[in-house]
Amino acid sequence: MELFDKLYDEHENVKVRFIGFTTEQTRYDFGIIYTNMFFGKPLVVCMQTGRSTLLDPKEIEDIEYLQNVFRIPDKQQAADLAEFFRDTLPQIPFETQYD
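Because the structure is predicted, anything quoted here is derived from the model rather than measured. (Residues numbered from 1 in each chain as written. Predicted model: local features only at pLDDT ≥ 70, side-chain atom pairs only at ≥ 80, totals over all residues. Heavy atoms only, no water.)

## A closer look at the overall build of the protein chain
Alright, step 1. Helix and strand counts for the protein chain stand at three helices and four strands.
Alright, step 2. Listing the helices and strands of the protein chain from first to last along the sequence gives β-β-β-β-α-α-α.
Alright, step 3. Dimensions of the protein chain along its principal axes, counting C-alpha atoms only, are 55 × 30 × 25 Å.
Alright, step 4. Relative to its 99 residues, the protein chain shows a buried fraction of 33%.
Alright, step 5. Partitioning the contacts of the protein chain with sequence separation of at least 6, the portion at a separation of at least 24 is 35%. (Helix = DSSP H or I, 4+ residues; strand = E, 2+ residues; numbered from the N terminus. Buried < 20%, exposed > 50% of the residue type's maximum accessible area, 1.4 Å probe, protein only. Contact = heavy atoms within 4.5 Å.)

## Side note on the pattern of salt bridges
Alright, step 1. Applying the stated criterion to the full structure yields six salt bridges.
Alright, step 2. For D29, the salt bridge identified is with R27, shortest N-O distance 2.8 Å.
Alright, step 3. According to the relative accessible area criterion, D29 is buried, its value standing at 16%.
Alright, step 4. Notably, a salt bridge pairs D56 with K41, separated by 3.7 Å at the nearest N-O pair. Remark: K41 occurs in the loop between strand 2 (27-34) and strand 3 (43-46) and D56 occurs in the loop between strand 4 (52-54) and helix 1 (57-60); sequence separation between them is 15 residues. Each member of the pair D56 and K41 is classed as buried. (Salt bridge = Lys/Arg side-chain N within 4 Å of Asp/Glu carboxyl O.)

## Comments concerning the nonpolar core
Alright, step 1. One finds F30, F70, L81, F85 and L89 to be the most contacted residues of the largest nonpolar core, which totals 20 residues.
Alright, step 2. Listed by contribution, the elements that provide at least two residues to this core are strand 1 (15-22), strand 2, strand 3, helix 2 (63-70) and helix 3 (75-88).
Alright, step 3. Beyond its immediate stretch of four places on either side in the chain, F85 contacts F30, V44, L55, I60, L66 and F70. (Core = buried A, V, L, I, M, F, W, Y, C linked by side-chain atoms within 4.5 Å.)

## What about the side chain of Q77?
Alright, step 1. Within the fold, Q77 resides in helix 3.
Alright, step 2. Note on Q77: relative accessible area 10%, which makes it buried.
Alright, step 3. Ignoring anything within four residues of it in the chain, the contact list for Q77 reads Q25, T26, Y28 and I72.

## Describing the environment of D62
Alright, step 1. Take D62: it is sitting in the loop between helix 1 and helix 2.
Alright, step 2. Residue classification places D62 among the partly exposed residues on the basis of a relative accessible area of 37%.
Alright, step 3. When the C-alpha positions of D62 and A79 are compared, they lie 9.1 Å apart, and in sequence the two are 17 residues distant.

## Brief notes about the pairing of strand 1
Alright, step 1. Two elements, strand 1 and strand 2, share eight bridges in a ladder whose sense is antiparallel. What sits directly across from T22, in strand 2, is R27.
Alright, step 2. The antiparallel pairing of strand 1 with strand 2 creates a hairpin that spans four residues between the two strands. (Pairing = 2+ DSSP bridges.)

Without other data, these values stay purely geometric and don't point to any function.
As C-alpha cells, this is what we get:
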C-alpha cells in the first residue's frame, strides 16, 4: 500500500512580483505569485516572516484577517496593508475549480 495518495502535481510557469515598501510604522517585503491554481487568487508571501496566504478582494477588506495571517498588532497597520493590496493586486473574478 502506498503511504500517500497524490491529490495533484502541477507544473506551471508563473509570474512572480517582489515588492518592498514602508509605511510610517513598518517595512514590508512581499513576494506575490500569480498562478492559475487556487481559484486564480494570488499567493502572497511575507518575505520577512515566511507567512503566506491566498488573497482575493473580499479577504483584502477583512482587516482582522490580515492582522491574523500576517501577525500585525495594530489595526491601522493592517488598514495600510489592505490599501496596498487593493492598489497592487488585480481584481480577479472567482473561478470554480471543482464541480
